[in-house]
Amino acid sequence: MPKPEYLHFFIDPNRCIGCQACVQACTECDTHRGESMIHLEFIDRAHSVQTVPVVCMHCEQPTCAEVCPADAIKRSGDGVVQSARKPRCIACGNCVIACPFGVPEVYEDRQIMMKCDMCYDRTSVGKKPMCATVCPSQALFFGTREQIDQLRPMSRPVNRFQFGRQTISTRVFMMMPAEPLTTQPYLDVTSAMSEHPRQRSIALTVVSDPFAEVEL
Amino acid sequence: MATLPAEPLKIIEGFGPHRSVASAMSLSTSAEPERLVKTHCCFCGQQCGLQLKVRDNQVIGFEPWEEFPFNRGMLCPKGVKRYLQGAHPDRLTTALRRDESSAFGFTPLGYGEAIARVAAEITRIQQSDGPSAFGVLSGASLTTEKTYLMGKFARVCLRTPYIDYNGRLCMVSAGAANKKAFGVDRTTNPWSDMVGSEVIWVAGSNVAECSPITTNYLWQAREQGAKIIVQDPRITPVARTCDLYLPVKPGRDAALFAAVLQVMIEHDWLDHHFIDTLTVGFDAVAEYCRQWTVARAADVTGVPERSIRQAAEWWGTAKTSFLFHARGIEHHSNGVQNALGTINLVLATGRIGKPKSGYGTITGQANGQGGREHGQKCDQLPGWRDISNPEHRRYIAGIWEIDEQHLPGPGVDAYELFRKIDAGEIKGLLSICFNPKVSLPDNGFITRALEKLEFYVAIDFFLNDSARHADIVLPGSLQEEDEGTVTQVEGRVIKINKAVDPPGEARQDWRIIQDIARALERPHGFTFESPREIFEELRRASKGGVADYSGITYEKLEQQMGVFWPCYSEDPESGRPIDHPGTPRLFEHGSFNPVARGKGPFYFADGRARFNVADYRPAVDDVSDEYPLFLTTGRVVSHFLSGTQTRRIGPLIDQYPEPRIEMHPRLAATLGIADGDWTIAETRRGAITLRAMVVNTIRPDTIFIPYHWPDAKSANRLTVAAQDPISKIPQYKVCGCRVHKASAAPDYAAILEAQQ
């Protein structure tokens, strides 16, 4: 059964508290027991407790599938990009390099790439992915567009990303602050890398020492 | 008794902590569960609902329970992985006796013989030195049926006044403050009331790591426009995105609350009608606050003046609000005063007992709420009654069918109990659900006291660090192996369901207690055949008390998915039998309670809440020239309490393997310490060597160490046993310390695994 098309995955990294409930729950899955397909990273622990979860964004035109020489990555009709299939996958790592979001990982011992498949065993029967079910901050949310609009008046979901010259549309949405999006409908990911950021970007403010006023 | 029966490494080799091993059953991708058992997590007070997957008498995994209203399927990593504590190599499946001739220090013993020996020792000690020579330490991560039974066992069977519990380390400051201010000790509103509130003040609570499920409630409140104020010496995950961060110096909270109230008084941001009609004592508090000018408070607390004023303005002018606090302000020799300071802020605005406005402490342990209500506290009887109150004593003596004269008087708090062990007054100890060698401050003293006991019997499912000193260890039950009730953070009584049977000779704790009673030839009152029977007696015992459970049944708990107490069996006004649904919100205007009897919503004869002068007092063993830094201690999200369980679960160990000393880069620079360097933290009690974690999310004058590890890694080697004079809670959150770089790795680094 396909994943119901009215159910979507929404990520709000700003809500993430780094508890790793998602990682621990993901490792419970029967098909990849012990390995987490969701990755959770500190952005820069020395300067912040901020963490960001990374799930597969389930792109409309998945770059990973396009660069796979073995045609091992399939996208099912409901838009979910499946994990690499044995025996086709040759663990070459092209997808690892190509994915703009840094999602696939190659497991050398098993000679296969594995990645998040939106808990296809659950979503294909109308259940929620495990990570979005357990997330205690609901940084990971699975539900209808109506639900997210009602629950998150201060944010808007975005699913178009600009990577250099490549525009990517994804099935998974990223939650962005509502205001800037009235004029900027997509998130310019690579502009943060340049000295003079182009206009369509989210400004990042990093406080170098929040306790600057405290004397030793 | 005496020193350990074998070298610590040998005891560890025999009894752990070892990492959990996923069983063949749980690893099998084709093993479908036979059934799913709806129940709750065994760890913190959030008591998230979840379903356990059971097959062949083993818990092989979990499935979310999305219908349970408090957490709706959400969980933290501990709840996800808790099932790995079952089928564990370290699990005690037999009784043990101390045996210095055994390689690992303990030898298995037949259960019957173990019980006989326990009874013989209790009898011997009580015959030669009196009933008070035997003490009991219990805990709040037990079902309410068991916490009720422990209190009864100590008073009726052992006839000793000396029982106390590990909630002494946890909820007593909040409990005492609530009792003084409201006459009842429970959070005032369900968490769902938070959404739609204008301002939420989180004082001394690392919500994201210690009560993770509360995070979504805060975020949803923020989505509806709430401003979040966080008061903490560290920038925790919730503090990172909050609207106002108050970087309070450890130990200075009461000064901050007084200054904020003073600003509110100056601007007349007060609800005079509420103060005049529903409270007493405001004038004395207002008089006290006058000395706390913003300038003085900024100087004492380390919180900038502009932040104090901003907090006062937001709090003072809001129409709806919530204030939560947790151990951050309660774990102080001034803990009760700190909590009273927050209550003064709430009462001054009248924003309590209404939708979208409330107050509460965030209870830490699974049954920290229920476990502090029905008698395992040294001064308490069931129903939140008082062991010194003649009327309360008569009522409970009636329920227990004993002569009121035989009911002992009040005992002493858990730390004082250890002082009595040290002094030789208490010669024997029975402990359950308590690991004082890790969780009490200045634990070098605790170890010396344990070594003085003539006889020590511990009930547990793993050999915890304190039980290494025991003469007899009795194999108790995991939460999933027993049935009963628990009361979670909101005061909601919920049902814990049994999923599997205990392995080997292990059995439910309440059976063990009753077996001891029978072996002592004092079985009267200890012949229950099921937790349900214990609960039925608890309903009667709590009836008429402030924490009234008499209208609750197991069936009602399942139908309603929890019942908030008080839940009366008879209408408190008319006395007629009723089917009461429970009381989600306390102190609602016009509500009836059996103490005020209609005079007002609060639990005093006049129905009014009390303002109390919330005195700022400097911390004991504060910073000094010799020890210029603040040491504060706390928790991490993947471990729970003394780590007896979580330090045996592989994925939770990997998430946070060993304690680190958290310090600011400016502090680290002055000490020549880089991230990861071996570092020595030292206080007047001792020193420990851990790796440094250099991060700018903590005050530069403060270091933080999580306390879940024992012995050479134990933060409580350093903490001070100063106790609040009213609550007796220890001052974990502050003491003076000094730090320097270690010249070499500590000895344990080459010998111990991370979780040991």
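Residues numbered from 1 in each chain as written. Chains lettered and ligands numbered in written order. Predicted model: local features only at pLDDT ≥ 70, side-chain atom pairs only at ≥ 80, totals over all residues. Heavy atoms only, no water.

A. Structural view of the overall build of chain B. Of regular secondary structure, chain B possesses 25 helices and 30 strands. A compact globule built from 756 residues would reach a C-alpha radius of gyration of about 27 Å, and chain B, at 25 Å, matches this within 12%. Judged by the C-alpha coordinates and their principal axes, chain B covers about 75 × 70 × 60 Å. When burial is assessed residue by residue, chain B has 69% of its 756 residues classed as buried. In chain B, the proportion of contacts linking residues at least 24 apart, taken out of those at least 6 apart, comes to 73%. Split by element, the accessible area of chain B, about 23100 Å² in all, is 49% carbon and sulfur. Computing the positive centroid from 84 side-chain charges and the negative centroid from 90, chain B places the two 1 Å apart. (Helix = DSSP H or I, 4+ residues; strand = E, 2+ residues; numbered from the N terminus. Rg over C-alpha atoms; globule rule 2.2 N^0.38 Å. Buried < 20%, exposed > 50% of the residue type's maximum accessible area, 1.4 Å probe, protein only. Contact = heavy atoms within 4.5 Å. Areas by Shrake-Rupley, 256 points an atom, 1.4 Å probe, with all protein chains shown as cover. Lys, Arg positive; Asp, Glu negative; His and termini not counted. Charge placed at Lys NZ, Arg CZ, Asp CG, Glu CD.)

B. The arrangement of the pairing of strand E2 (residues 49-55) of chain B in detail. Residue and element names in this part refer to chain B. The buried count for E2 comes to six of seven residues, which makes it a mostly enclosed element. Where strand E1 (residues 35-40) lies against E2, six bridges are found, and the strand directions are antiparallel. Paired with Lys38 across the bridge in E2 is Gln51. Examined bridge by bridge, E2 and strand E3 (residues 58-64) share six bridges and lie antiparallel to one another. The partner of Gln51 across the bridge, within E3, is Glu63. Hairpin connection of E2 to E3: two residues between the antiparallel strands, including Asp56 at a positive phi of 50°. (Pairing = 2+ DSSP bridges.)

C. Inspection of the environment of B:Gln85 at higher detail. Residue and element names in this part refer to chain B. With respect to the element layout, Gln85 can be found in the loop between helix H3 (77-81) and strand E4 (95-98). Among the residues examined, Gln85 registers a relative accessible area of 1% and is labelled buried. It is 8.5 Å that separates the C-alpha atoms of Gln85 and Leu478, two residues lying 393 residues apart in sequence. Within the local environment of Gln85, its side chain forms a polar contact with the side chain of Gln645, the two groups lying 2.8 Å apart. (Polar contact = N/O pair within 3.5 Å; in protein donor to acceptor, adjacent residues only side chain to side chain.)

D. Structural detail: the interface of chain A and chain B. Between chain A and chain B, the contact holds 46 residues from the first and 56 residues from the second. Summing both partners gives a buried area of about 4000 Å² for chain A against chain B, and 52% of it is carried by carbon and sulfur. Counting the surface chain A buries against chain B, the share from its top three residues, A:Gln24, A:Phe211 and A:Leu216, is 17%. Across the contact surface, chain A and chain B share seven salt bridges. One salt bridge connects A:Glu28 with B:Lys81, and the closest N-O pair in it is separated by 2.6 Å. Where chain A meets chain B, there are 25 residue pairs in polar contact (both at pLDDT 80 or more). Mapped by element, the contributors of at least two residues to the side of chain A that touches chain B are helix H1 (21-26) and helix H5 (130-134) of chain A. Class assignment of the residues belonging to the side of chain A that touches chain B gives a composition of 21 nonpolar, 13 polar and twelve charged. (Buried area = accessible area lost by both parts, 1.4 Å probe. Salt bridge = Lys/Arg side-chain N within 4 Å of Asp/Glu carboxyl O. Nonpolar A, V, L, I, M, F, W, Y, C, P; charged D, E, K, R; others polar.)

E. Structural detail: the nonpolar core. In this structure, B:Phe182, B:Trp201, B:Met264, B:Leu430, B:Leu474 and B:Ile516 are the most contacted members of the largest nonpolar core, which totals 126 residues. Among the elements that take part in this core, helix H10 (residues 253-266) of chain B stands out by supplying ten residues, more than any other. Every residue in contact with B:Phe182, bar those within four places of it in the chain, is listed here: B:Ile343, B:Leu347, B:Ile352, B:Tyr359, B:Phe587, B:Phe602, B:Tyr603, B:Phe604 and B:Ala609. Residues A:Met130, A:Val134, B:Phe324 and B:Leu652 belong to the second largest nonpolar core, which totals 61 residues. (Core = buried A, V, L, I, M, F, W, Y, C linked by side-chain atoms within 4.5 Å.)

F. Local environment of the sheet that holds strand E6 (residues 134-138) of chain B. Residue and element names in this part refer to chain B. With respect to topology, seven strands assemble into an open sheet ordered E5-E4-E18-E17-E16-E6-E7, the strand pairing being mixed. Strands at the two margins of the open sheet, each flanked by one partner only, are strand E5 (106-109) and strand E7 (163-165). The average undirected angle you get between the axes of adjacent strands in this sheet is 20°. One ladder, built from two bridges, connects E4 with strand E18 (residues 472-475); its direction is antiparallel. Note that in E18 the partner of Leu96 across the bridge is Val473. (Axes fitted to C-alpha atoms, helices over the stretch in contact; angles between N-to-C directions.)

G. Geometry of the sheet that holds strand E19 (residues 484-487) of chain B. Residue and element names in this part refer to chain B. The strand order across the open sheet built from three strands is E19-E20-E21, with neighbouring strands paired in antiparallel fashion. The open sheet has two edge strands with one neighbour each: E19 and strand E21 (563-564). With four bridges connecting them, E19 and strand E20 (residues 492-496) associate as antiparallel partners. Each bridged residue has a counterpart across the sheet, and for Thr487 the counterpart in E20 is Val493.

H. Unusual backbone geometry, seen in detail. The omega torsion across A:Lys86 and A:Pro87 is -5°, close enough to zero to call that bond cis. Mapped onto the secondary structure, A:Pro87 falls in the loop between helix H2 (63-67) and helix H3 (94-98). Backbone geometry places B:Leu641, a non-glycine residue, at a positive phi of 50°. For B:Leu641, the location among the structural elements is in the loop between strand E23 (629-634) and helix H24 (650-655).

I. Focus on the packing of helix H18 (residues 414-422) of chain B against helix H20 (residues 443-452) of chain B. Residues and elements named next belong to chain B. Interhelical geometry of H18 versus H20 gives an angle of 50° and a closest axis separation of 8 Å. Considering their axes alone, H18 and H20 lie oblique with respect to each other. Judged by the sense of rotation from one axis to the other, the crossing of H18 with H20 is left-handed. Contacts from Tyr415, Phe418, Arg419, Ile421 and Asp422 in H18 reach Phe445, Ile446, Ala449, Leu450 and Lys452 in H20. Residues belonging to the contact of H18 with H20 are distributed by class as follows: seven nonpolar, no polar and three charged. (Parallel < 35°, antiparallel > 145°, perpendicular 65-115°, else oblique. Left-handed = near helix turned anticlockwise from the far one by under 90°.)

J. Region of interest: the pattern of salt bridges. Residue and element names in this part refer to chain B. This model, assessed by the stated rule, comprises 63 salt bridges over all chains. Here Arg738 and Glu682 are joined by a salt bridge, their closest N and O atoms 3.1 Å apart. Taken together, the residues Arg738 in strand E30 (residues 735-741) and Glu682 in strand E25 (residues 678-682) connect sequence positions 56 residues apart. For Arg738, a relative accessible area of 27% corresponds to the partly exposed category.

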